[in-house]
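One-letter residues, chain by chain:
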Amino acid sequence: MTIESQRLQELLHKHLRPRVKEIDELGRYPGDFLRLLGEEGFYSQSPSDNLKLIRDVATVCVSTAFVVWCQTAAISFVSNGTSDELKQELLSSLLTGEVLGGTGISNAMKFYAGLEELKLVGEKTPTGYCLHGTLPFVSNLAPHSWFAVVFRTEDNQRAIALVPTDLEGVNLKEANGFLGLNGTATYSCQFQNVHLSQKYVVSEQADELIAKIRPGFLLTQVGLALGVTRASLDSMNNLQDKQNAVNQFLKVQPTSLENRLQRLTDLVEQLSDRSAIATVSFREVVEARLESAYLAMDAAQAEMLHAGAAGYVAGSHTSRRLRESLFLAVVTPAVKQLEKMLKSLS
Ligand SMILES: Cc1cc2nc3c(=O)[nH]c(=O)nc-3n(C[C@H](O)[C@H](O)[C@H](O)COP(=O)(O)OP(=O)(O)OC[C@H]3O[C@@H](n4cnc5c(N)ncnc54)[C@H](O)[C@@H]3O)c2cc1C
C-alpha cells in the first residue's frame, strides 16, 4: 500500500465511516470531507488517479463517492477546456477543495445519445451569453460552488460553461426524497435571464470537448461500482459461516462476483491510463460502465441473500448498498442509455 492510499484509509476510517448513516439516512452533505480530501491533495487531473480515489471512497459510502466524482468531473471540464482565465482562477481551487464543483451534464449526455433535447439555451450578448432553462438535478452544490453546463446556441451549436451558483438569475431548489443519495447536495437549477460572462465559457465546441472528456467521465463513474461491490463482497465473505454455513447453497457465490470484479478492475485501470492519451475505444468504455452497474446490482442483491433478515433491517449497511447500487443503474448514462449506445457503436 502506498503512503497516499494508507493516508486515504486513515481519513475514511476517522472522518467518513462514523458519518455514513447520517449522510445516507438524514441526507447530510459531507462537504467538509470533500474539502479535506482536496486539502490533502487527493483530487487529480488524471482519470486513473480519480478512479482509484472514487473506488476507495465508495467502499465506505457511495453518496460521498458520487460527490467526489462530481468534483473530479468539474476539474476535468476546466482542465480540458479552452478558457485560460478559468484555468487560472478556478482550477487550483477545485483541486484543493477550496471551491466545490458540480456537473449538470446529464441532459447533454442524453442529448448526444438521442434521448432528449437540450434544456438550456444561450443567446449571444456583447459580453457572453444570456441563459434560460432548467436542469432538474445537479449535485455537489453549495454556496460559492461552480457547475458545468452545456447549452444550445442560436446557431444551433453547443457550448460548455462553468457557472457559479451565486450568479444572478440562477435559482436552486433542493431535490431530495430519493431512495438513496440524499446527502449529495442535489438541486434543480433554474436559469432565468442569467448573464454569463464569456470568460466562464469553457468551450464553444462542446461536441469536441464532450467527446474528449467522455471516456474519463464514464470510467471514473465505474469507481463507484467497484467500491460498492468490494464492500458487498467483504460482507458476504464475513457471512460464510453463518447458520452452519447455509450460504454455501446460494446460487451466486462471492467467488464468481470476485472474478468479475477483478476482470473489470484490471480493464478499467488499463482503459483509464489509455484515456489520458486519448487512444481508448469508446465501445470498450461503454461496455465497462454497463458491466459495472450490473455487477454492483448483482453483488448487492447477493449480499442481501447472504445476510437474510439482518440485511432487510432498515438502516443496515446491506440495505444501504442495495439502494446505492441501484443509483449506478439510473445515473446518466443509465443502463437503458448504455444499452442503446452499444447498439449504435461498432
Ligand atoms: C441523486 C441524484 C443525483 C443526480 N445528480 C446529477 C448531477 O449531478 N448532474 C446531472 O446532470 N444529473 C444528475 N442526476 C440525474 C441523473 O443523472 C439522471 O439523468 C436522472 O436520474 C434522469 O434519468 P432518466 O433518464 O431516468 O430520466 P426520467 O425518468 O425522465 O426522470 C427525470 C426526472 O427529472 C424530473 N424532471 C424532468 N424534467 C424536469 C424539469 N424540466 N424540471 C424539473 N424536473 C424535471 C422528472 O420529474 C423525473 O423525476 C442525478 C440524479 C439523482 C437521482
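Conventions and cut-offs
Residues numbered from 1 in each chain as written. Predicted model: local features only at pLDDT ≥ 70, side-chain atom pairs only at ≥ 80, totals over all residues. Heavy atoms only, no water. Pairing = 2+ DSSP bridges. Helix = DSSP H or I, 4+ residues; strand = E, 2+ residues; numbered from the N terminus. Phe/Tyr/Trp six-rings, centres within 6.5 Å; stacked < 30°, edge-to-face > 60°. Buried < 20%, exposed > 50% of the residue type's maximum accessible area, 1.4 Å probe, protein only. Lys NZ or Arg CZ within 6 Å of the ring centre and 35° of its normal. 1 Å grid on protein atoms, 1.4 Å probe; cavity = no way out; pocket = protein on both sides within 12 Å on 5 of 7 lines; lining within 4 Å. Points joined across faces, edges and corners; volume = space filled by probe spheres on them. Nonpolar A, V, L, I, M, F, W, Y, C, P; charged D, E, K, R; others polar.

By the naming in an unreviewed UniProt entry, the chain is Acyl-CoA dehydrogenase, taken from Tumebacillus lipolyticus.

### Considerations on the pairing of strand β3 (residues 128-138)
Of the strand pairs in this sheet, strand β2 (residues 120-125) and β3 are connected by 6 bridges, and their pairing is antiparallel. Each residue of the ladder has a partner; that of Gly-122, found in β3, is Leu-131. As consecutive antiparallel partners, β2 and β3 are separated by 2 residues. Here 8 bridges tie β3 to strand β7 (residues 187-197), and the two strands are oriented antiparallel to one another. In the strand pairing of β7, Gly-133 is matched with Phe-191.

### A look at the packing of aromatic side chains
The full count for this structure, using the stated rule, is 9 aromatic pairs. Ring geometry for Phe-111 against Tyr-112: centres 5.2 Å apart, planes inclined by 75°, an arrangement best described as edge-to-face. A relative accessible area of 23% means that Phe-111 is categorised as partly exposed. Here the aromatic rings of Phe-137 and Phe-178 are separated by 5.4 Å at their centres, their planes lie at 75°, and the arrangement is edge-to-face. Of this pair, Phe-137 sits in strand β3 while Phe-178 sits in the loop between β6 (170-174) and β7, and the two are 41 residues apart along the sequence. On the basis of relative accessibility, which here comes to 31%, the residue Phe-178 falls in the partly exposed class. What links up through ring pairs into an aromatic cluster is the set Phe-66, Trp-69, Phe-77, Phe-217 and Phe-327. A cation over a ring is seen here: Lys-124 above Tyr-129, with NZ or CZ 4.4 Å from the ring centre.

### Let's talk about the layout of surface pockets
Any space left empty among the atoms is revealed by the rolling of a water-sized probe across them. Taken as a whole, the largest pocket holds about 700 Å³ of empty space. In terms of lining residues, the largest pocket is bounded by 35 residues, among which Phe-137, Phe-327, Val-330, Val-331 and Thr-332 are the most central. Of all the secondary structure elements, the ones that give two or more residues to the lining of the largest pocket are α5 (62-80), β1 (101-104), α7 (106-112), β3, α8 (206-238), α13 (317-330) and α14 (335-344). Partitioned by chemical class, the residues of the lining of the largest pocket number 19 nonpolar, 11 polar and 5 charged. By volume, the second largest pocket is sized at about 430 Å³. Considering the residues around the second largest pocket, the lining is formed by 26 residues, among which Pro-47, Asn-80, Lys-212, Ile-213 and Gly-216 are closest to the centre. Mapped onto the lining of the second largest pocket, the elements with two or more residues apiece are α4 (47-58), α5 and α8. Take the lining of the second largest pocket: its biggest share by element is 8 residues, from α8.

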